[in-house]
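# Observations on the three-dimensional arrangement
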Amino acid sequence: MDVKGANKVYRSGTDLVPALSGVSFSVEAGEFVSLLGPSGCGKSTLLWAIAGLKPLDSGTVWLGTKAVTAPQPEMSIIFQEPTLLPWRSVGDNIALPLELRPAARDGARERIARLIRRVGLEGFESRYPKELSGGMQQRASIVRALAADPSVLLLDEPFSALDPFTREDMNLLLQDLWLETRKTMVLVTHSIEEAILLSDRIIVMTPRPGRIRLEREVDLPRPRTLDLLSSPEFFSIAADVRRAIVH
Ligand SMILES: Nc1ncnc2c1ncn2[C@@H]1O[C@H](COP(=O)(O)OP(=O)(O)OP(=O)(O)O)[C@@H](O)[C@H]1O
Ligand SMILES: [Mg+2]
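As annotated in an unreviewed UniProt entry, the chain carries the name ABC transporter ATP-binding protein and is attributed to Segnochrobactrum spirostomi. Listed under Sequence similarities (unreviewed entry) in UniProt, the entry text for the chain is "Belongs to the ABC transporter superfamily."

The structure is reproduced here in structure tokens:
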């Protein structure tokens, strides 16, 4: 995936709010990249543009040789708040992408059953979202996002509403899913720890309008554990990232 020269200005009444300015970067197939930056710097705008949900003023998102101008079947996105439909059971929520995209039904039953087991939601398929905790709802959202077997998973602060312990569990779960599926993942987060635990590369953006300030490789072996968070390697990367954010 290539983002080339992304620019976006919002018009709010008579005000112009520049959100993105000349943002360019590439993500390799199977790579895990995190986007970090101060609140309001344009991270969601960028992720929504990558997903084909929000047009850019100029610049292009390329998925292979295809310019993205609308949502693509190869990409799915997970939002900060679980967006399960309250009137559908967990199982029916998870199956929704297959109703929208019948071509993805091949092998879907086994794939979904495996994912449900993997995230620990077995036995909860007939429950309704309000009967689940926030962490369980977000796990269901992850299974739904992977149900149609996309090649790219976009995540916009998916764990920020969760308590710190649940969040760490979810980080390790996401790492496992990435190791098992090797999907391309782009994660927007405010957490330096989360970014270092999960990423091959961290991209730090400037305050609004968002530009790229730093690209930092995270060359640490996987699977990464929470012990990593107290290692010298972790502190060295965290210091680089923090310096770029407060710069
Ligand atoms: N629809 C809109 N109309 C006007 N301004 C908007 C709109 N959406 C976003 N903005 C502004 O554009 C800037 C970037 O917004 P965006 O949501 O992309 O930031 P963000 O980096 O995701 O922030 P956060 O970390 O708080 O989620 C912000 O200043 C925001 O106020
Ligand atoms: Mg945002």
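Let's pick the thread back up.
Turning to the environment of Ile142, a few remarks are in order. Within the secondary structure layout, Ile142 lies in helix α5 (residues 134-147). Taking C-alpha positions, Ile142 is 17 Å from Lys130, a pair spaced 12 residues apart along the chain. The residues touching Ile142, leaving out its near neighbours within four places in the chain, are Ile78, Phe159, Met170 and Leu177.

This part is about the packing of helix α4 (residues 108-118) against α5. In the contact formed by α4 and α5, the axes pass within 10 Å of each other and the chain directions differ by 155°. Accordingly, the angle class assigned to the pair α4 and α5 is roughly antiparallel. For the pair α4 and α5, the crossing hand works out as right-handed. Contact residues: α4 offers Ala108, Arg111, Ile112, Leu115 and Ile116, while α5 offers Val143, Leu146 and Ala147.

What follows deals with the pattern of salt bridges. Counted by the stated rule, this structure contains 12 salt bridges. In this structure, Lys66 engages Glu74 in a salt bridge whose closest nitrogen and oxygen atoms are separated by 2.9 Å. Residue classification places Lys66 among the partly exposed positions, given a relative accessible area of 33%. You can call Glu74 partly exposed: its relative accessible area is 25%.

Attention now moves to the site of ligand 1. Residues in contact with ligand 1 amount to 13 residues; listed here are only the nearest, Ser39, Gly40, Lys43, Thr45 and Arg208. The side chain of Ser39 places a nitrogen or oxygen atom 2.5 Å from an oxygen atom of ligand 1. Measuring from an oxygen atom of ligand 1, one finds a side-chain N or O atom of Thr45 at 2.5 Å. Isolated, ligand 1 exposes 640 Å² of accessible area, and the fraction of that covered by the protein chains is 66%.

Let's shift gears to the packing of aromatic side chains. Summed over all chains, the structure comprises 2 aromatic pairs. Ring geometry for Trp48 against Phe79: centres 5.3 Å apart, planes inclined by 50°, an arrangement best described as tilted. One end of the pair, Trp48, is in helix α1 (residues 43-50); the other, Phe79, is in the loop between β6 (75-78) and α2 (90-94), and 31 residues separate them in sequence. When the centroid spacing of 5.6 Å and the interplanar angle of 75° are considered together, the rings of Phe234 and Phe235 count as edge-to-face. The residue whose ring lies beneath Lys54 is Trp48, and the NZ or CZ to ring-centre distance is 5.4 Å.

Let's shift gears to helix α8 (residues 232-246). In this model, α8 (15 residues) spans 21 Å end to end at C-alpha, consistent with the 21 Å of a helix rising 1.5 Å per residue. Turning to α8, its buried residues are Phe234, Ile237, Ala238, Val241 and Ala244. Relative to the axis of α8, the buried residues are bounded by an arc of 125° and lie together on one face. In this structure, α8 carries Pro232, Phe235, Arg243 and Val246 as exposed residues pointing more than 90 degrees from its buried face. Turning to α8, the residues buried within the fold contact β3 (32-36), α7 (192-198), β9 (201-205) and β10 (212-217).

Quick look at unusual backbone geometry now. Note the cis peptide between Arg208 and Pro209, where omega equals -5°. Looking at where Pro209 falls in the secondary structure, it is placed in the loop between β9 and β10. In the segment running from Arg222 into Pro223, the intervening peptide bond is cis, with an omega of 0°. In this fold, Pro223 is placed in the loop between β10 and α8. Of note in the backbone geometry, Asp149 takes a positive phi value of approximately 55° without being a glycine. Checked against the element boundaries, Asp149 lands in the loop between α5 and β7 (152-156).

What counts and how
- Residues numbered from 1 in each chain as written.
- Chains lettered and ligands numbered in written order.
- Predicted model: local features only at pLDDT ≥ 70, side-chain atom pairs only at ≥ 80, totals over all residues.
- Heavy atoms only, no water.
- UniProt positions renumbered as here; feature names shortened; annotations may be inferred.
- Helix = DSSP H or I, 4+ residues; strand = E, 2+ residues; numbered from the N terminus.
- Contact = heavy atoms within 4.5 Å.
- Axes fitted to C-alpha atoms, helices over the stretch in contact; angles between N-to-C directions.
- Parallel < 35°, antiparallel > 145°, perpendicular 65-115°, else oblique.
- Left-handed = near helix turned anticlockwise from the far one by under 90°.
- Salt bridge = Lys/Arg side-chain N within 4 Å of Asp/Glu carboxyl O.
- Buried < 20%, exposed > 50% of the residue type's maximum accessible area, 1.4 Å probe, protein only.
- Near = heavy atom within 4 Å.
- Polar contact = N/O pair within 3.5 Å; in protein donor to acceptor, adjacent residues only side chain to side chain.
- Areas by Shrake-Rupley, 256 points an atom, 1.4 Å probe, with all protein chains shown as cover.
- Phe/Tyr/Trp six-rings, centres within 6.5 Å; stacked < 30°, edge-to-face > 60°.
- Lys NZ or Arg CZ within 6 Å of the ring centre and 35° of its normal.
- Expected span 1.5 Å × (residues − 1).
- Arc of directions from axis to C-beta.

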